[in-house]
Amino acid sequence: MKTYEFLLLGKNQAILEILLRLVNAYENWNAVGFNDEKLAQDYFLNHKIDIVLLSSGIEDHIEKEFTSFCLKQQPDVEVIEHFGGGSGLLKSEIEYRLHLKGKI
């Protein structure tokens, strides 16, 4: 079974920690989180990422720039904006996107 690598970016540390816990609770999901986009970019450049989750507190222009950066570096990456809704919604959002791309 494939392990999906996640990069989470969000400015609200408490929400970021919850998302990390939720994502890492799934057996084949592995997440790292950042609240600084420059550190996230450095990590992204050195790792194969399947899914980028954008969380709360990111300014619109940073979100657009970071998304653009990710897609330019790794065109197959899935960038998902997630601003709440609980673990069931999060899992559904991710699985739906992977299904659309034929990855599951």
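Computed from a prediction, not measured in an experiment: that's the story for all the values here.

K.L.:
How do you make sense of the overall build of the protein when you look at a structure like this?
P.N.:
When its secondary structure is counted, the protein shows 4 helices and 4 strands. By the compact-globule yardstick of 13 Å for 104 residues, the protein fits well, its C-alpha radius of gyration being 13 Å. Taking the principal axes of the C-alpha coordinates as reference, the protein spans close to 30 × 30 × 20 Å. Every one of the 104 residues in the protein was classed for burial, and the buried ones make up 41%. Sequence-distant contacts, at least 24 apart, represent 72% of the contacts inside the protein between residues at least 6 apart. Total accessible area on the protein stands at roughly 5,900 Å², and carbon and sulfur atoms take up 51% of it. Distance from the positive charge centre (11 side chains) to the negative charge centre (16 side chains) of the protein: 4 Å.

K.L.:
I'm lost on the sheet that holds strand S1 (residues 4-9) in this one. Help?
P.N.:
Backbone-to-backbone hydrogen bonds join strands into a sheet, with any given pair of strands oriented parallel or antiparallel. If you trace the 4 strands from one edge of the open sheet to the other, you get S2-S1-S3-S4, paired in parallel fashion. Looking at the sheet topology across the chains shown, the edges are occupied by strand S2 (29-34) and strand S4 (78-81). Direction aside, the axes of adjacent strands within the sheet are offset by 20° on average. Here 6 bridges tie S1 to S2, and the two strands are oriented parallel to one another.

Definitions and limits used
- Every chain is numbered on its own, with residues counted from 1 as its sequence reads.
- Only residues with pLDDT of at least 70 get local features here, since the model is predicted, and only at 80 or more are side-chain atom pairs given and counted; chain-wide, interface and lining totals rely on the full set of residues.
- For the side-chain quantities, the full set of heavy atoms in the structure was used; hydrogens and water were omitted.
- Secondary structure follows DSSP: runs of H or I at least 4 residues long count as helices, runs of E at least 2 residues long count as strands, and numbering of each begins at the N terminus.
- Using C-alpha atoms as the atom set, the radius of gyration is obtained and then compared with a globule rule of 2.2 Å times the number of residues to the power 0.38.
- Using a 1.4 Å probe on the protein chains alone, a residue whose accessible area is under 20% of its type maximum counts as buried, one over 50% counts as exposed, and one in between counts as partly exposed.
- Any two residues having at least one pair of non-hydrogen atoms within 4.5 Å are treated as being in contact.
- Using a 1.4 Å probe, accessible areas were evaluated by the Shrake-Rupley method; residue-level cover was limited to the displayed protein chains.
- Asp and Glu are treated as the negative residues and Lys and Arg as the positive ones, with His and the ends of the chain left uncounted.
- To locate a charge, the coordinates of NZ of Lys, CZ of Arg, CG of Asp or CD of Glu are taken.
- The criterion for strand pairing is that DSSP finds at least two bridges linking the strands in question.
- Axis lines are fitted to C-alpha atoms, over the contacting stretch for helices. Their N-to-C directions set the angle, which ranges from 0 to 180 degrees.

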